[in-house]
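Single-letter residue listing:
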Amino acid sequence: AQKITQTQPGMFVQEKEAVTLDCTYDTSDQSYGLFWYKQPSSGEMIFLIYQGSYDEQNATEGRYSLNFQKARKSANLVISASQLGDSAMYFCAMRALIQGAQKLVFGQGTRLTINP
Amino acid sequence: DTGVSQNPRHKITKRGQNVTFRCDPISEHNRLYWYRQTLGQGPEFLTYFQNEAQLEKSRLLSDRFSAERPKGSFSTLEIQRTEQGDSAMYLCASSLGRGQQGALNTEAFFGQGTRLTVV
């Protein structure tokens, strides 16, 4: 079974600082994908970044980068130059292909607060 | 097409009543998912459609829950005889999958959810 663990219930960061949100995962599959989503107070889940298990380079999307350490089974999200609008819940998720299963398994999330 | 649309956004119902939620996915997306999110938790998978076929159901989906996607476009999620434990945010997502399994990196686009409160 797949499991995602996010150990930081809340994070507080000063504006313009970088922040790292932790994510570890557990799976016996060789092929899987890792995602990060942002959920503002409006409720919508916004896709941020993707990392494939066979990707050799860490994924980057603008201010977001994913620190992928396969041997440690970790996929931490790094947000550079944080902005007030980054305040939200952040969820790490994993998708695996098992007999056609397509579900995403989410962690419990980290609430990020950016202070001015 | 501006994204995944869910209606209603909020629903308050009395225990024992039936409720139905609707999800309109992004038009060219053949895959549709329902998730449930309770306060302070991440979303939990409920069920998944490829076109009109319901391919997987979670054990969370009790007999009181039923989901349909009759023409492979919009989907409905019905909860019969609602209980207070059904209070949650119900999220719909869609994605574009190729073939039976598709690519792992196909991200799911989520709607804004329907918040259900059972009183």
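Residues numbered from 1 in each chain as written. Chains lettered and ligands numbered in written order. Predicted model: local features only at pLDDT ≥ 70, side-chain atom pairs only at ≥ 80, totals over all residues. Heavy atoms only, no water.

**Student:** Could you clarify how one ought to interpret the overall build of chain B in this entry?
**Tutor:** Along its length, chain B carries zero helices and 11 strands. In terms of its C-alpha atoms, chain B occupies a principal-axis envelope of roughly 40 × 30 × 30 Å. For chain B, buried positions account for 49% of its 119 residues. Across chain B, the fraction of contacts at a sequence separation of at least 24, relative to all contacts at a separation of at least 6, is 57%. (Helix = DSSP H or I, 4+ residues; strand = E, 2+ residues; numbered from the N terminus. Buried < 20%, exposed > 50% of the residue type's maximum accessible area, 1.4 Å probe, protein only. Contact = heavy atoms within 4.5 Å.)

**Student:** Can you walk me through the state of the cysteines in this structure?
**Tutor:** Two cysteines whose sulfur atoms are joined by a covalent bond form what is called a disulfide. Per the counting criterion, the structure on display carries two disulfides over all chains. There is a disulfide in this structure between A:C23 and A:C92, and the S-S distance comes to 2.0 Å. Across the S-S bond of A:C23 and A:C92 the torsion is about -60°, and the bridge reads as left-handed. Taken together, the residues span a long stretch of sequence, with A:C23 in the loop between β3 (19–21) and β4 (24–26) and A:C92 in strand β10 (residues 88–96) at a distance of 69 residues. Here A:C23 matches A:C92 in class, with each residue buried. A sulfur-sulfur distance of 1.9 Å marks the disulfide that ties B:C23 to B:C92. With the S-S dihedral at roughly -70°, the linkage between B:C23 and B:C92 falls on the left-handed side. Here B:C92 lies in strand β9 (residues 88–95) and B:C23 lies in strand β3 (residues 19–24), a separation of 69 residues in the sequence. On the basis of relative accessible area, B:C92 is assigned to the buried category, the value being 0%. (Disulfide = S-S within 2.5 Å.)

**Student:** So what exactly am I meant to see when it comes to the interface of chain B and chain A here?
**Tutor:** By a widespread convention, an interface's size corresponds to the accessible area lost as its parts come together. Each partner contributes residues to the interface: chain B has 25 residues there, and chain A has 25 residues. A salt bridge links B:E56 to A:K103, with the shortest nitrogen-to-oxygen separation between them at 3.6 Å. Inspection of the chain B/chain A interface yields five residue pairs in polar contact (both at pLDDT 80 or more). If you list the elements that add at least two residues to the side of chain B that touches chain A, you get β4 (31–37), β5 (44–50) and β9 of chain B. Here the side of chain B that touches chain A gets four residues from one element, more than from any other, and that element is β4(B). (Salt bridge = Lys/Arg side-chain N within 4 Å of Asp/Glu carboxyl O. Polar contact = N/O pair within 3.5 Å; in protein donor to acceptor, adjacent residues only side chain to side chain.)

**Student:** Help me understand the pairing of strand β6 (residues 53–57) of chain B in this model?
**Tutor:** Consecutive side chains of a regular strand alternate in pointing toward one face of the sheet and then the other. All names here are of chain B. Strand direction decides the pairing type here: β5 and β6, joined by four bridges, are antiparallel. Within β6, the position partnered with Y48 by the bridge is E56. Two successive antiparallel strands, β5 and β6, enclose a turn made up of two residues, where N51 displays a positive phi of approximately 55°. (Pairing = 2+ DSSP bridges.)

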